[in-house]
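Working through the structure, step by step
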Amino acid sequence: QVQLVESGGGLVQAGGSLRLSCAASGRTFSSYNMGWFRQAPGKEREFVAAISWSGGSTYYADSVKGRFTISRDNAKNTVYLQMNSLKPEDTAVYYCAADISTNWSPRPYEYDYWGQGTQVTVSS
């Protein structure tokens, strides 16, 4: 069992930056691929970024490529999402998720554990 707790959300002006953190419990964190997803009101949950268990591979949605960076520190059981050049359309609840399978995925239903989410609001 893995418990995930996100933090770092808030209100920021367009063009600003935020860094989200996701702290995981359990000794097997380093064996999970990790992902960040977001969900805006009235919209489906969408993939933002993912990172392999080793941190050696990262993947991004086209909408955030070049602006967001995912990273992880397995010694601290934490995954991060650095968000720069934020836009109003980035406003959403952001979730981290853990995937115990071998291959990474952008599909929410393939992730096994989820955090409670953290709100990110970008004002214009």
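All of these numbers come straight from a predicted model, not from anything done at the bench. (Residues numbered from 1 in each chain as written. Predicted model: local features only at pLDDT ≥ 70, side-chain atom pairs only at ≥ 80, totals over all residues. Heavy atoms only, no water.)

It is worth spelling out the overall build of the protein at this point. Summing up its helical and strand segments, the protein has zero helices and eleven strands in all. Listing each helix as α and each strand as β along the protein from the N terminus yields β-β-β-β-β-β-β-β-β-β-β. For 124 residues, the compact-globule formula gives about 14 Å, and the C-alpha radius of gyration of the protein, at 13 Å, lands near that figure. Counting only C-alpha atoms, the protein reaches 40 × 25 × 25 Å along its principal axes. Burial analysis of the protein (124 residues in total) assigns 44% to the buried set. On the protein, roughly 6,300 Å² of surface is accessible, and the fraction owed to carbon and sulfur atoms is 47%. The protein carries 11 positive and 10 negative side-chain charges, and their two centres are separated by 5 Å. (Helix = DSSP H or I, 4+ residues; strand = E, 2+ residues; numbered from the N terminus. Rg over C-alpha atoms; globule rule 2.2 N^0.38 Å. Buried < 20%, exposed > 50% of the residue type's maximum accessible area, 1.4 Å probe, protein only. Areas by Shrake-Rupley, 256 points an atom, 1.4 Å probe, with all protein chains shown as cover. Lys, Arg positive; Asp, Glu negative; His and termini not counted. Charge placed at Lys NZ, Arg CZ, Asp CG, Glu CD.)

What follows deals with the packing of aromatic side chains. With the rule as written, the count across this model stands at eight aromatic pairs. Both rings, one in F47 and one in W104, keep their centres 5.5 Å apart while their planes meet at 40°; by these two values the pair is tilted. One end of the pair, F47, is in strand β5 (residues 46–51); the other, W104, is in the loop between β9 (92–99) and β10 (113–114), and 57 residues separate them in sequence. Of the residues examined, F47 reaches a relative accessible area of 14% and is grouped as buried. Linked through ring pairs, F37, F47, Y59, Y95, W104, Y111 and W114 together constitute an aromatic cluster. (Phe/Tyr/Trp six-rings, centres within 6.5 Å; stacked < 30°, edge-to-face > 60°.)

Take the pattern of salt bridges next. The tally for this structure, following the rule as stated, stands at five salt bridges. A salt bridge links R38 to D90; its shortest N-O distance comes to 2.9 Å. In this pair, R38 is assigned in strand β4 (residues 33–39) and D90 in the loop between β8 (78–83) and β9, connecting sequence segments 52 residues apart. Considered together, R38 and D90 belong to a single accessibility category, that of buried residues. Two residues, R107 and E110, come together in a salt bridge whose shortest N-O distance is 2.6 Å. For R107, a relative accessible area of 39% gives the class partly exposed. It is possible to trace a salt-bridge network through shared partners that takes in R38, E46, R67 and D90. (Salt bridge = Lys/Arg side-chain N within 4 Å of Asp/Glu carboxyl O.)

As a further point, take the pairing of strand β1 (residues 4–7). The two faces of β1 differ: L4 and E6 on one face are buried, but V5 and S7 on the other face are not. Bridging between β1 and strand β3 (residues 18–24) involves four bridges; their strand directions are antiparallel. Residue pairing for β3: E6 is matched across the bridge by C22. (Pairing = 2+ DSSP bridges.)

Another point: the sheet that holds strand β7 (residues 68–73). Spatially, the four strands line up as an open sheet ordered β1-β3-β8-β7, and their pairing is antiparallel. For this open sheet the edge positions go to β1 and β7, each flanked by a neighbour on one side alone. Between one strand axis and the next, the sheet turns through 15° on average, direction left out of account. Judged from the six bridges that link them, β7 and β8 form a sheet pairing that is antiparallel. Paired with R72 across the bridge in β8 is V79. (Axes fitted to C-alpha atoms, helices over the stretch in contact; angles between N-to-C directions.)

To continue, consider the state of the cysteines. Under the definition given, this model contains one disulfide. Between the sulfur atoms of C22 and its disulfide partner C96 the distance amounts to 1.9 Å. On the sign convention where negative is left-handed, the bridge of C22 and C96, at about 45° about the S-S bond, is right-handed. Note that C22 is positioned in strand β3 and C96 in strand β9, a separation of 74 residues in sequence. When its relative accessible area of 0% is taken as the criterion, C22 is described as buried. (Disulfide = S-S within 2.5 Å.)

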